Amino acid sequence: MKKPKPLFWHIYPSYLIVILASLMVVSLSASVAMKGYYHEQMTLGLQAQANLLQESVLQHLSPLNEAALDALCKAAGRRVGTRITIVLPTGRVVADSQESPGQMETHSGRPEIHKALFGEPGQSMRYSSTLSRSMMYVAVPVQERGRTLAAIRTAIPLDEIDRKLGAIQKQIVGAGLVVALMAALVSYVVARRIARPIEEVRKGAERFATGDLTYAIPPPKSREMVLLVGALTQMASDLNERIHTVDRQRDELEAVLTSMQEGVIALNMDEHLIKVNQAAADMFKFKPGAAIGRTIQEVIRNPQLHRFVQEALTGEGDAEGEIHLYQEEERILGTHSSPLREPNGRRIGTLIVFHDITRLRRLETMRREFAANVSHEIKTPLTAIKGFVETLLGGALEKPEEARRFLMIIENHANRLAAIIEDLMKLAEIEQKGQNRSIGLRREALKPVISGAIEVLRGHADEKNIAIRLECDEALQAEINAHFLEQAVVNLVENAVKYSGQGSTIRVRAGQAGQEVEIRIEDEGIGIPGSHLPRLFERFYRVDKSRSRKEGGTGLGLAIVKHIIQAHGGKIDVDSTVGRGSTFLIRLPTASA
Ligand code: ADP
């Protein structure tokens, strides 16, 4: 497309053309009128000269005195600078101011003379072959009592007139040029003045288009432009306000989405991502900025999710599902989708919300396993008790030796049942208190608590000739619940005694370590294989079931320890080498959180 010309070039040349054309027409018609007027004045002058001669010529006509006439003509011609000719009605020239009349041809055919001989003034402009130049002729009749006796003709060369006219025309052209120059200048200024405010408005509109909506267009002078600029500025300010509102709403939405723990993904009907929040990006490990506009298959590779997306996009209502992510460890996400609609109800995509239900699922599994374990643990001693009671009733009572042995076994199992139930109750108590954060911590010295725990085990240790050494500063203090902490230390020292050989040593050391208090229970016992360490603190988890049972263990001791330490806001760790011994490390914060 041809590039459009600036407005200035639309206005200026048209102005110029109109002005120059009117100037030309005016000066042309002025010069034509001037020429006409000049000719008329010349004709009248020539006629007046001829009229002036009428009296004198008449005197020499009757009787005809050619010599006198010729002399008169020559004298008058010299005086007025006009050629004067006198022609008789026959057409013969009898006198001429410039030529000798005898040599001149008959003049009756000349139109001005022809007319004068008929009694009326005549005039003509033509080329004179006698003088070889263009001439203006005027002829008047010389009459006596109504009879035409001759014609007096006056003539001047036209080039004289033309010369004079030319000078005037030059003046007209000069003045015209000056006027044209002035007009060009004025129309330039006017065209500029019309175009400039429009140019300013254009620049302003361009600034608005680039987003600078607060730009102030310089105030124009004409009313129409003031109104136009006013309307434009109003439009820009409205737009600015709307953009601010949209920005604010977007920021609010962004803030809501960002602060959500649930992952949020919005998809259009073609499965392209139109919105994601940081939580979703973290769950599926992608960069939110780069994902927008791409399809969900490109961004997240998960067949379960793709099936869910398809279901969500084809279904009319909400949909629920569950997907599994296999990252460093398995994660389970609950998914919920709702259709996305425009205000007019048109479906434009779907919104999917993801919430991490891994912990929930794990807890459920643990609860189920726990219930199964409890039943199993209780069932074993109960079955044994029932079996031996039946045997006793079936006749074994009659044999006191056997009966005594069976009753001792029954007592054993009953004790075990009691121990399991006691541990379960302890666990339930500490778990509940831990959850409610109501275990009641007090700043207390640790040494009495730890030595109290060791004293409980002293008898057992002595039976196996095991020495228990305690290293603890009297002044060492921590925020503790003495009853529960003693229980935890009892459980750990009890295990150390149970799983250590005759004559070994158990060291219990407590001390300050930075912001924490550490209690270390170290034995020289059988140790625990590394593969068991991660699950050691689970309920009923045992490395060697039969040994634990033989030692009277319930498999709940370490679970109780873990819950007690957690309720204190602390941590429990284990380090062990098979055949060398184990070290359990309790870390408690010195200041309560
Ligand atoms: P239990 O009542 O069976 O001792 P715990 O929960 O106290 O149950 O301990 C779980 C298991 O951890 C035990 O069965 C045992 O196999 C192992 N264990 C705990 N403490 C020690 C230790 N000091 N040395 C070796 N093994 C240990």
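Residues numbered from 1 in each chain as written. Predicted model: local features only at pLDDT ≥ 70, side-chain atom pairs only at ≥ 80, totals over all residues. Heavy atoms only, no water.

A. A look at the overall build of the protein. Helices and strands together make up the secondary structure of the protein, namely 15 helices and 17 strands. Computed over its C-alpha atoms, the radius of gyration of the protein comes to 66 Å, more than 25% above the 25 Å expected for a compact globule of 593 residues. Projecting the C-alpha coordinates of the protein onto the three principal axes gives extents of approximately 210 × 55 × 40 Å. Among the 593 residues that make up the protein, the fraction classed as buried is 38%. Put simply, 58% of the contacts in the protein that link residues at least 6 apart link residues at least 24 apart. Per element, the accessible surface of the protein, about 34,600 Å² overall, is 56% carbon and sulfur. Separation of charge centres in the protein, based on 75 positive and 71 negative side chains, amounts to 9 Å. (Helix = DSSP H or I, 4+ residues; strand = E, 2+ residues; numbered from the N terminus. Rg over C-alpha atoms; globule rule 2.2 N^0.38 Å. Buried < 20%, exposed > 50% of the residue type's maximum accessible area, 1.4 Å probe, protein only. Contact = heavy atoms within 4.5 Å. Areas by Shrake-Rupley, 256 points an atom, 1.4 Å probe, with all protein chains shown as cover. Lys, Arg positive; Asp, Glu negative; His and termini not counted. Charge placed at Lys NZ, Arg CZ, Asp CG, Glu CD.)

B. Fine view of the site of the ligand. Among the 22 residues in the neighbourhood of the ligand, the closest are listed as N495, D523, S548, T554 and L558. Residue Y499 places a side-chain N or O atom 3.0 Å away from an oxygen atom belonging to the ligand. Within the contact set of the ligand, an oxygen atom lies 2.5 Å away from a side-chain nitrogen or oxygen of S548. Its free accessible area being 520 Å², the ligand has 97% of it covered by the protein chains. Listing elements by their share of the shell around the ligand, those giving two or more residues are α13 (482-498), α15 (557-567) and β17 (581-589). Grouping the constituent residues of the shell around the ligand by class yields 10 nonpolar, 8 polar and 4 charged. (Near = heavy atom within 4 Å. Polar contact = N/O pair within 3.5 Å; in protein donor to acceptor, adjacent residues only side chain to side chain. Nonpolar A, V, L, I, M, F, W, Y, C, P; charged D, E, K, R; others polar.)

C. Region of the structure containing the sheet that holds strand β16 (residues 571-577). In space, the 5 strands of this open sheet follow the order β12-β14-β15-β17-β16, with mixed pairing throughout. Only two strands of the sheet have a single partner each, and these edge strands are β12 (467-472) and β16. Across this sheet, the average inter-strand angle for adjacent strands is 15°, counted without regard to direction. As paired strands, β16 and β17 are joined by 7 bridges and run antiparallel to one another. Directly across from D575, in β17, lies its bridge partner T583. Sitting on the sheet, helix α12 (residues 447-463) is in contact with β12, β14 (505-513) and β15 (516-522), with an inclination near 175° to β12. (Pairing = 2+ DSSP bridges. Axes fitted to C-alpha atoms, helices over the stretch in contact; angles between N-to-C directions.)

D. Expanded view of the pattern of salt bridges. Tallied over the entire structure, the rule returns 36 salt bridges. With a shortest N-O distance of 3.0 Å, K74 and D70 are connected by a salt bridge. One end of the pair is K74 and the other is D70, both in helix α2 (residues 66-80) and 4 residues apart, which spans about a single turn. Its relative accessible area of 16% is what places D70 among the buried residues. (Salt bridge = Lys/Arg side-chain N within 4 Å of Asp/Glu carboxyl O.)

E. Molecular detail of the domain arrangement of the protein. We note that the domain assignment places domain 1 (8-164), domain 2 (260-356), domain 3 (362-422) and domain 4 (439-589) within the protein. In this structure, domain 2 and domain 3 have C-alpha centres spaced 53 Å apart. (Domains from an automatic or database assignment.)

F. Here's a closer look at the pairing of strand β4 (residues 133-144). Of the strand pairs in this sheet, strand β3 (residues 122-128) and β4 are connected by 7 bridges, and their pairing is antiparallel. Bridged to Q123 within β4 is V138. The loop that links β3 with its antiparallel partner β4 comprises 4 residues; one of these, S132, has a positive phi angle of about 55°. Here β4 pairs with strand β5 (residues 147-157) via 10 bridges, running antiparallel. Looking at β5, one finds that M136 is bridged to I156. Connecting β4 to the next strand, β5, in antiparallel fashion are 2 residues, including R145 with a positive phi near 45°.

G. Summary view of the packing of aromatic side chains. Taken as a whole and judged by the stated rule, the model has 9 aromatic pairs. Measuring from ring centre to ring centre gives 5.0 Å for F8 and W9, while their planes differ by 85°; the resulting arrangement is edge-to-face. Since its relative accessible area comes to 6%, F8 is described here as buried. The exposure class assigned to W9 is partly exposed, which follows from its relative accessible area of 43%. Both rings, one in F370 and one in F540, keep their centres 5.9 Å apart while their planes meet at 25°; by these two values the pair is stacked. Within this pair, whereas F370 is found in helix α10 (residues 358-393), its partner F540 is found in the loop between β15 and α14 (545-550), the two being separated by 170 residues in sequence. Overall, F540 belongs to the buried group, its relative accessible area being 6%. For R192, the ring lying beneath its charged end belongs to F8, and the centroid distance is 4.7 Å. The ring of F370 carries the charged tip of R539 above its face, separated from the ring centre by 4.8 Å. (Phe/Tyr/Trp six-rings, centres within 6.5 Å; stacked < 30°, edge-to-face > 60°. Lys NZ or Arg CZ within 6 Å of the ring centre and 35° of its normal.)

H. Representation of the side chain of T85 in the model. Tracing the backbone through its elements, the reader meets T85 in strand β1 (residues 83-87). Here T85 falls in the buried class, since its relative accessible area comes to 0%. Here the side chain of T85 touches D96 through a polar contact of 2.7 Å, side chain to side chain.

I. Representation of a positive patch on the surface within the structure. Together, R192, R193, R196 and K221 line one region of the surface with positive charge. Looking at the element boundaries, R196 is found in helix α4 (residues 158-209). (Patch = residues over 30% accessible without salt bridge, like charges linked within 9 Å, V, L, I, M, F, W, Y side chains within 5 Å.)

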